[in-house]
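Each chain is listed here by its residues.
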Amino acid sequence: MSKSDAPAVPASAPDIDDRSSPAPAAWRFFTDGVMGGVSRGGMTAETAAGRPALCLRGEVRLENNGGFIQMALELTAPPVGPWRGIELDVLGNGRRYGVHLRTADMTLPWQAWRASFTAPPVWHTVQLPFTAFTPYRHVGTLEAAAVRRIGVLALGEAMTAEVCVARVAWLR
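Residues numbered from 1 in each chain as written. Predicted model: local features only at pLDDT ≥ 70, side-chain atom pairs only at ≥ 80, totals over all residues. Heavy atoms only, no water.

Engineer: I tried to follow the sheet that holds strand β2 (residues 28-31) on my own but got confused; where do I start?
Structural biologist: Consider a sheet: its strands pair through backbone hydrogen bonds, and that pairing is either parallel or antiparallel. Taken in spatial order, the 6 strands make up an open sheet running β2-β5-β11-β7-β8-β10, and their pairing is antiparallel. The open sheet has two edge strands with one neighbour each: β2 and β10 (134-136). Sheet twist, expressed as the mean angle between neighbouring strand axes with direction ignored, is 30°. Pairing between strand β7 (residues 96-103) and strand β8 (residues 112-118): 6 bridges, direction antiparallel. Within the sheet, the bridge partner assigned to R96 lies in β8 and is T118. (Pairing = 2+ DSSP bridges. Helix = DSSP H or I, 4+ residues; strand = E, 2+ residues; numbered from the N terminus. Axes fitted to C-alpha atoms, helices over the stretch in contact; angles between N-to-C directions.)

Engineer: In this structure, what is going on with the side chain of T31? I would like to understand it.
Structural biologist: With respect to the helices and strands, T31 occurs in strand β2. A distance of 3.0 Å separates the side chain of T31 from the backbone nitrogen of G33, its partner in a polar contact. Ignoring any residue separated from it by four or fewer positions in sequence, one finds T31 in contact with S39, F68 and I69. (Polar contact = N/O pair within 3.5 Å; in protein donor to acceptor, adjacent residues only side chain to side chain. Contact = heavy atoms within 4.5 Å.)

Engineer: Mind showing me how you'd approach the environment of A161 here?
Structural biologist: Mapped onto the elements of the fold, A161 is located in strand β12 (residues 159-171). Taking relative accessible area as the criterion, A161 reaches 3% and is therefore assigned buried. Considering only alpha carbons, one finds A161 and I86, 75 residues apart in sequence, at a separation of 21 Å. Apart from the residues within four sequence positions on either side, A161 is in contact with L56, R57, G58, I69, N93, Y97 and A154. (Buried < 20%, exposed > 50% of the residue type's maximum accessible area, 1.4 Å probe, protein only.)

Engineer: Is there a simple way to explain the environment of M106 in this structure?
Structural biologist: Looking at where M106 falls in the secondary structure, it is placed in the loop between β7 and β8. Looking at M106, the relative accessible area reads 7%, which means it is buried. For the pair M106 and R148, spaced 42 residues apart in sequence, the C-alpha to C-alpha distance is 9.6 Å. Contact partners of M106, with chain neighbours within four places excluded, come to L101, Q111, A112, W113 and H138.

Engineer: What is the right way to look at the nonpolar core in this model?
Structural biologist: Inside soluble globular proteins, nonpolar side chains tend to come together where they are buried. Of all hydrophobic cores here, the largest spans 38 residues; its most connected members are I86, L88, L101, F117, F133 and I150. Counting only elements with at least two residues in this core, the list comes to β4 (51-60), β5 (68-74), β6 (85-92), β7, β8, β9 (124-129), β11 (147-155) and β12. A total of 6 residues in this core trace back to one element, the largest contributor, which is β12. Excluding residues within four positions of it along the chain, I86 makes contact with I16, L101, V126, Q127, L128, F130, I150, V168, A169, W170 and L171. Residues A48, A53, L91 and C164 belong to the second largest nonpolar core, which totals 5 residues. (Core = buried A, V, L, I, M, F, W, Y, C linked by side-chain atoms within 4.5 Å.)

Next comes the structure, spelled out in structure tokens:
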């Protein structure tokens, strides 16, 4: 599905993206190649361990100041509701991965609110309250209404990445 025909992400629903829905959200894939890095990978929509999922796979390499691969979702509108964090259903290879939130006040591409989780080899629900996120090259307060982008990343260490996401939701 191209970005132009991607369904809007409902701002008032707790689910941000449910891969089992008839019209899952359109994520985009990025690597450190945008800054000269040499990490390689891809993002595929598939059935993983019996669940529709979006999977991020690749090799993260640190050469040339690199070190990440990412799948990211732009939110079409600010979330409505008293959300206190993000919840993800994940499956992976036992490694740690990052969730980066970008907010409306961020102007530089490296700014984000960062948290991490482990993706075990069985489906698992990860809850990341906003208090678990730390600012990276940014100051301020993280508020749900300001979140404009959600990214799932393998970063910061040379590794083979394999993480699948079946659902992303606002945490009540």
